Amino acid sequence: MNAAYKKQSVNHVKIIYQKLVNILIILTVLFTIVSCDSKDFSKKEHVRQFLTERFFESSKDDKFLPDFEYELISGKKEKMKNNRGKVILLNFWSTWCFPCKKEMPDMEELKHLMKGENFRILAVNSGEKKNKVKRFLSKFPYSFDIVTDEDRLITTTIGITGLPTTFIISGDGKVLGKIMGPVDWKEPSFVDFLKKISQI
């Protein structure tokens, strides 16, 4: 009777041990899945994959954005290369463009969500008089940086064919991705992506 009890106890321990092993295997698999989902965005292929999944054009080659001078709505002049070290959301828009206006509140929210990060939004108004842009901004006082491109010189240089068009530029000036059409810029996984690449 005692021997039978001991045998039963040993079997019981084996069952518990096997269950613990199975739990550890499941936890390991889950950890691997989570690790894959939270990609290491310091690797180019992961950046490209993330953007491609969200319908961005993404090149395998390291393509640098041409340097150009631009003027902010305030009148201050800057050069694109002076933004090095920051991830730039370079957006092209116009006041007559409904999809442009539709995504601008999301861009405003994104700016606040990215506070403290090495990140900047440059929204280039394409082909409109500065006074018209100012009237628009008096009704919709967005706080991200507005660039004026009245003569469409920047628009032409970059090769913009439709609005809105947006580029994501890395801290070293490379074009990571390009998309035409409005985007939900405040979407959590996208915000997380921008935060991660702004820290590289």
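Residues numbered from 1 in each chain as written. Predicted model: local features only at pLDDT ≥ 70, side-chain atom pairs only at ≥ 80, totals over all residues. Heavy atoms only, no water.

S.K.: Could you give me a rundown of the nonpolar core, with the residues and numbers involved?
M.R.: Counting residues in hydrophobic clusters, the biggest one holds 33 residues, and the most contacted among them are Leu51, Leu110, Ile168, Trp185, Phe190, Phe193 and Leu194. Taken together, the elements giving at least two residues each to this core come down to helix H2 (44–53), strand S3 (87–93), helix H3 (98–113), strand S4 (119–126), helix H4 (130–139), strand S7 (175–180) and helix H6 (188–197). Looking at this core, the element that brings in the most residues is H6, giving five residues. One finds Leu65, Phe68, Phe92 and Val147 within the second-largest nonpolar core, a separate group that totals 17 residues. (Core = buried A, V, L, I, M, F, W, Y, C linked by side-chain atoms within 4.5 Å. Buried < 20%, exposed > 50% of the residue type's maximum accessible area, 1.4 Å probe, protein only. Helix = DSSP H or I, 4+ residues; strand = E, 2+ residues; numbered from the N terminus.)

S.K.: Tell me what's going on with the sheet that holds strand S1 (residues 69–72), and back it up with residues and numbers.
M.R.: Here seven strands make up an open sheet; going across it, the order is S2-S1-S5-S4-S3-S6-S7 and the pairing mixed. The sheet is open, and its two borders are formed by strand S2 (77–79) and S7, each paired with just one other strand. Sheet twist, expressed as the mean angle between neighbouring strand axes with direction ignored, is 30 degrees. Sheet topology note: the S4/strand S5 (residues 145–149) ladder contains five bridges and is parallel. Pairing of alanine 123 across the sheet is with isoleucine 146, part of S5. Contacts between H3 and the sheet are confined to S3, S4 and strand S6 (165–169), with S3 contributing the most and set at about 160 degrees to the helix. (Pairing = 2+ DSSP bridges. Axes fitted to C-alpha atoms, helices over the stretch in contact; angles between N-to-C directions. Contact = heavy atoms within 4.5 Å.)

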